[in-house]
Amino acid sequence: MKEEAAERKEGKEELEINCPVCGENSVVRDYKRNIEVCDVCGRIVKEDIKDRGPEWRAFDQEGREKKSRAGPPSTETIHDKGLSTKIDYKDRDAKGNQLSPGKRQKIYRLRKWHKRGKVTDSKDRNLAFSLSELNRMASQLGLSKSVQEIAAKIYRKAVEEGLIRGRSMEGCASAALYAACREAEVPRTLEEVAESSRVDKKEISKSYRFIIRELDIHLPPTDPVRYVARFASELEISGETRVKAMEIIRKAQENGLTSGKSPTGTAAGAIYIATLMEGERRTQREVAESAGVTEVTVRNRYSEIVEELDEDIEA
DNA sequence: CGGAGTAAAAGGCACTT
DNA sequence: AAGTGACTTTTACTCCG
């Protein structure tokens, strides 16, 4: 337990406020190889690669099973926060010695009932279900544990405040995850979240709005720069071009071209321009598709930016 | 085909009753 | 909770090289 917490803490380095492109504040946010984002004025803001765990993939579908097997895969996002006493699986005593077979039997029984005792009331069951759902979605979206943690925290809070009454648990779980992505600046669009959820977009956004309002969570609009890495990698675009795209976005922001516009659209437009400038051309169609917007939107952002900044962005 | 552009429909958001 | 209005994005289509 204790080691876990310490480990997590150390894997998570410094998440001071953003430095779009080699801005100022070092934003080294590196969770144990899993997700690496923007370093000390250095290079690209790179995003997570899929969670490499065959563990949870294995038990996707069975929605109710997992209550009875609360052990291995999730470290901390467990309904009781993993804070309740837990009898671990190592079959060792406090000094780390192997237990005798007889003792093991005993411990086994203890574990069994211990677990059973934990998930009794409905609140906990609610949490257990939702958190495993959260887990499922998060890994499907290639999100790091830490995002999942945040999502779990939000969800838990929502439960405490009784905000999910009369609302679908899955919708709220999805909403919490979406919020967590934004909080962690590892954005996923509502569509993307919706795809991994069993609930539709509308439901999620309703729950989302409700939850953030009630919990008084204030999330600034997503920074388009945060999308660059992901979209660009889908388009197989070089690092230089990515950096270029981020610069363009920053300039566009300085000139007030981005407020009120969808961040994905802005990112798409900037990426398109960057590919032209760096001779790595992609069609509007391709860019639009990777960003999940239409070509028209790409064009609009593109022409807006070019018009306003054209000679400003050479070199 | 890729790009530029446009009008009209649709969607999302902030405010209002 | 539905209505309104300003605004962005999408849909669907045309025209150009």
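Every value quoted in this text rests on a predicted model; they were computed, and no experiment measured them. (Residues numbered from 1 in each chain as written. Chains lettered and ligands numbered in written order. Predicted model: local features only at pLDDT ≥ 70, side-chain atom pairs only at ≥ 80, totals over all residues. Heavy atoms only, no water.)

Membership of the largest hydrophobic core comes to 37 residues, with the highest contact counts inside it found for L134, L143, V147, Y155 and L177. A per-element tally of this core places helix α6 (residues 169-183) first, with 9 residues. Counting residues in hydrophobic clusters, the runner-up holds 27 residues, among them A267, Y272, V293 and V298. (Core = buried A, V, L, I, M, F, W, Y, C linked by side-chain atoms within 4.5 Å. Buried < 20%, exposed > 50% of the residue type's maximum accessible area, 1.4 Å probe, protein only. Helix = DSSP H or I, 4+ residues; strand = E, 2+ residues; numbered from the N terminus.)

As a further point, take the side chain of Q284. Along the chain, the position of Q284 falls in helix α12 (residues 284-291). For Q284, a relative accessible area of 15% translates into the label buried. Not counting the four nearest positions on each side in its chain, Q284 is found in contact with Y272, E295, V298, R299 and Y302. (Contact = heavy atoms within 4.5 Å.)

Per the domain assignment, the segments of chain A are domain 1 (1-70), domain 2 (122-214) and domain 3 (225-309). For domain 2 versus domain 3, the separation of C-alpha centres amounts to 29 Å. In this assembly, 5 residues from domain 2 lie in contact with 4 residues from domain 3. Surface buried jointly by domain 2 and domain 3 totals about 480 Å² across both partners, of which 49% is contributed by carbon and sulfur atoms. When the buried surface of domain 2 facing domain 3 is broken down by residue, E185, P187 and T189 rank first, second and third, together holding 73% of it. Linking domain 2 with domain 3 are 2 salt bridges. E185 is the partner of R226 in a salt bridge, and the nearest nitrogen-oxygen pair spans 3.2 Å. Summed over the shared surface of domain 2 and domain 3, the result is 3 residue pairs in polar contact (both at pLDDT 80 or more). A breakdown of the residues in the side of domain 2 that touches domain 3 according to their chemical character gives 1 nonpolar, 1 polar and 3 charged. (Domains from an automatic or database assignment. Buried area = accessible area lost by both parts, 1.4 Å probe. Salt bridge = Lys/Arg side-chain N within 4 Å of Asp/Glu carboxyl O. Polar contact = N/O pair within 3.5 Å; in protein donor to acceptor, adjacent residues only side chain to side chain. Nonpolar A, V, L, I, M, F, W, Y, C, P; charged D, E, K, R; others polar.)

Near DNA strand C you find G260, K261, S262, V293, T294, V296, T297 and R301, and these make up its full shell. Taking all atoms of DNA strand C within 4 Å of the protein, the share assigned to sugar and phosphate is 80%. Within the side chain of T297, one N or O atom sits 2.4 Å away from a phosphate oxygen of DNA strand C. Side-chain polar atom of R301 to a phosphate oxygen of DNA strand C: 2.4 Å apart, as the coordinates give it. Here the surface near DNA strand C is composed, by residue class, of 2 nonpolar, 4 polar and 2 charged. (Near = heavy atom within 4 Å.)

A few words now on the protein's contact with DNA strand B. Looking at DNA strand B, the residues that line it are K201, R209, Y272, R281, T283, Q284, V296, R299 and Y302. One nitrogen or oxygen atom from the side chain of R281 is found 2.6 Å from a phosphate oxygen belonging to DNA strand B. Note that a phosphate oxygen of DNA strand B is positioned 3.4 Å from one of the side-chain N or O atoms of Y302. Counting residues per element, the ones that place at least two in the surface near DNA strand B are α8 (201-214) and α13 (295-309). The element best represented in the surface near DNA strand B is α13, accounting for 3 residues. Each residue belonging to the surface near DNA strand B can be placed in one class, and the counts come to 3 nonpolar, 2 polar and 4 charged.

What follows covers the packing of helix α9 (residues 225-234) against helix α11 (residues 263-277). α11 packs onto α9 with a crossing angle of 60 degrees between their chain directions and a minimal axis gap of 9 Å. On the basis of the axis angle, α9 is oblique to α11. Every pair of crossing elements has a handedness; the one defined by α9 and α11 is right-handed. Between α9 and α11, the contacting residues are Y227, V228, F231 and A232 on the first element and P263, T264, A267 and I271 on the second. (Axes fitted to C-alpha atoms, helices over the stretch in contact; angles between N-to-C directions. Parallel < 35°, antiparallel > 145°, perpendicular 65-115°, else oblique. Left-handed = near helix turned anticlockwise from the far one by under 90°.)

On inspection of all chains with the given rule, the structure shows 3 aromatic pairs. On the basis of an interplanar angle of 85 degrees and a centroid distance of 5.0 Å, the ring pair of Y272 and Y302 is categorised as edge-to-face. Of this pair, Y272 sits in helix α11 while Y302 sits in helix α13, placing them 30 residues apart in sequence. Assessed through its relative accessible area of 26%, Y302 is described here as partly exposed. Geometry around F210 places R167 over its ring, the cationic atom sitting 4.0 Å from the centre. (Phe/Tyr/Trp six-rings, centres within 6.5 Å; stacked < 30°, edge-to-face > 60°. Lys NZ or Arg CZ within 6 Å of the ring centre and 35° of its normal.)

Scanning all chains against the criterion turns up 9 salt bridges. A salt bridge links R301 to E304, with the nearest nitrogen and oxygen atoms 2.9 Å apart. On the criterion of helical spacing, the pair formed by R301 and E304 is a turn pair, its members being 3 residues apart in helix α13. Take R301: its relative accessible area is 10%, and that puts it in the buried class. Its relative accessible area of 25% is what places E304 among the partly exposed residues. Bridged by salt links that share partners, the residues E133, R136, E170 and R198 form one connected network.

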